[in-house]
Amino acid sequence: MLKVLGLFVVTALAEIIGCYLPYLWLKQGRSAWLLVPAALSLAAFAWLLTLHPHAAGRVYAAYGGVYISVALMWLWAVDSVRPTVTDWIGVLVCLLGVGIIMSGARQV
C-alpha cells in the first residue's frame, strides 16, 4: 500500500508540474519554452498511471484523493498559502476514501 501511495504522489507531482508550467507562461508572462517540460511532465503523468496494478477506473478514483492532498501541499510550498483547517479535514476524508478504495475487495 505504501508503494502505491508513493507512486500516486509522484504521479500527482508530474500532473501538477505539467499544469503549473503553462500557468506560469499564460498568467505570469514566463517563457513559452516552459511548455516543453510541461508536455514531458504530462507525458510522464500518463505513463505513471499505467504502472499501477489495479483496474484503471479504480486507480483514477483513488489517485484523485492523493492528487488533492499533493495539490494542497503544492499550494503551501510553492504558492506560500497555508491550507486551512477545512482543507486538512478534506484531505483526511479524501485519504480515507483512497484507503477504502485501494484495500477493498477485488473481482478476479
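This text gives an overview of the structure that appears in the document. (Residues numbered from 1 in each chain as written. Predicted model: local features only at pLDDT ≥ 70, side-chain atom pairs only at ≥ 80, totals over all residues. Heavy atoms only, no water.)

**A closer look at the packing of helix H3 (residues 56-77) against helix H4 (residues 85-103)**
Step number 1: Between H3 and H4, whose axes approach to 9 Å, the crossing angle comes to 155 degrees. The angle between H3 and H4 falls in the class roughly antiparallel. You can see that H3 and H4 cross each other, and the crossing is left-handed. Residues Arg-58, Ala-61, Ala-62, Gly-65, Val-66, Ile-68, Ser-69, Leu-72, Met-73 and Trp-76 of H3 lie in contact with H4, whose contacting residues are Asp-87, Trp-88, Val-91, Cys-94, Leu-95, Val-98, Ile-101 and Met-102.
Step number 2: Of the residues in the contact of H3 with H4, the class split is 14 nonpolar, two polar and two charged. (Axes fitted to C-alpha atoms, helices over the stretch in contact; angles between N-to-C directions. Helix = DSSP H or I, 4+ residues; strand = E, 2+ residues; numbered from the N terminus. Parallel < 35°, antiparallel > 145°, perpendicular 65-115°, else oblique. Left-handed = near helix turned anticlockwise from the far one by under 90°. Contact = heavy atoms within 4.5 Å. Nonpolar A, V, L, I, M, F, W, Y, C, P; charged D, E, K, R; others polar.)

**Considerations on the packing of aromatic side chains**
Step number 1: What the rule picks out here adds up to six aromatic pairs.
Step number 2: Between Tyr-20 and Tyr-23, the ring centres sit 5.8 Å apart and the planes meet at 25 degrees, which makes this aromatic pair stacked. Taken together, the residues span about one helical turn, with Tyr-20 and Tyr-23 both in helix H1 (residues 2-28) at a distance of three residues.
Step number 3: Given a relative accessible area of 18%, Tyr-20 falls into the buried group.
Step number 4: A relative accessible area of 39% means that Tyr-23 is categorised as partly exposed.
Step number 5: Ring geometry for Trp-76 against Trp-88: centres 5.8 Å apart, planes inclined by 70 degrees, an arrangement best described as edge-to-face. Placement of the pair is Trp-76 in helix H3 and Trp-88 in helix H4, with a sequence separation of twelve residues.
Step number 6: Judged by its relative accessible area of 35%, Trp-76 is partly exposed. (Phe/Tyr/Trp six-rings, centres within 6.5 Å; stacked < 30°, edge-to-face > 60°. Buried < 20%, exposed > 50% of the residue type's maximum accessible area, 1.4 Å probe, protein only.)

**Let's talk about the side chain of Thr-11**
Step number 1: Its location among the elements puts Thr-11 in helix H1.
Step number 2: Setting aside chain neighbours within four positions, we find Thr-11 in contact with Phe-45, Leu-48, Leu-49, His-52 and Tyr-63.

**Some words on the packing of H1 against helix H2 (residues 35-49)**
Step number 1: Here H1 crosses H2 at 155 degrees, and the two axes come no closer than 8 Å. The angle between H1 and H2 falls in the class roughly antiparallel. Two packed elements cross with a definite hand, and for H1 against H2 that hand is left-handed. Here Leu-7, Val-10, Thr-11, Ala-14, Glu-15, Ile-17, Gly-18, Cys-19, Leu-21, Pro-22 and Trp-25 of H1 lie close against H2, whose contacting residues are Leu-35, Pro-37, Ala-38, Ser-41, Leu-42, Ala-44, Phe-45, Leu-48 and Leu-49.
Step number 2: Of the residues assigned to the contact of H1 with H2, the class counts are 16 nonpolar, three polar and one charged.

**A few points about the state of the cysteines**
Here a disulfide denotes one covalent bond, and it connects the sulfur atoms of two cysteines.
Step number 1: Evaluated as defined, the whole model comprises zero disulfides.
Step number 2: No disulfide involves Cys-19; its sulfur sits 18 Å from that of Cys-94, the nearest cysteine.
Step number 3: A residue is classified by how much of its surface remains accessible, and Cys-19, at 43% relative accessible area, is partly exposed.
Step number 4: Judged by its relative accessible area of 23%, Cys-94 is partly exposed. (Disulfide = S-S within 2.5 Å.)

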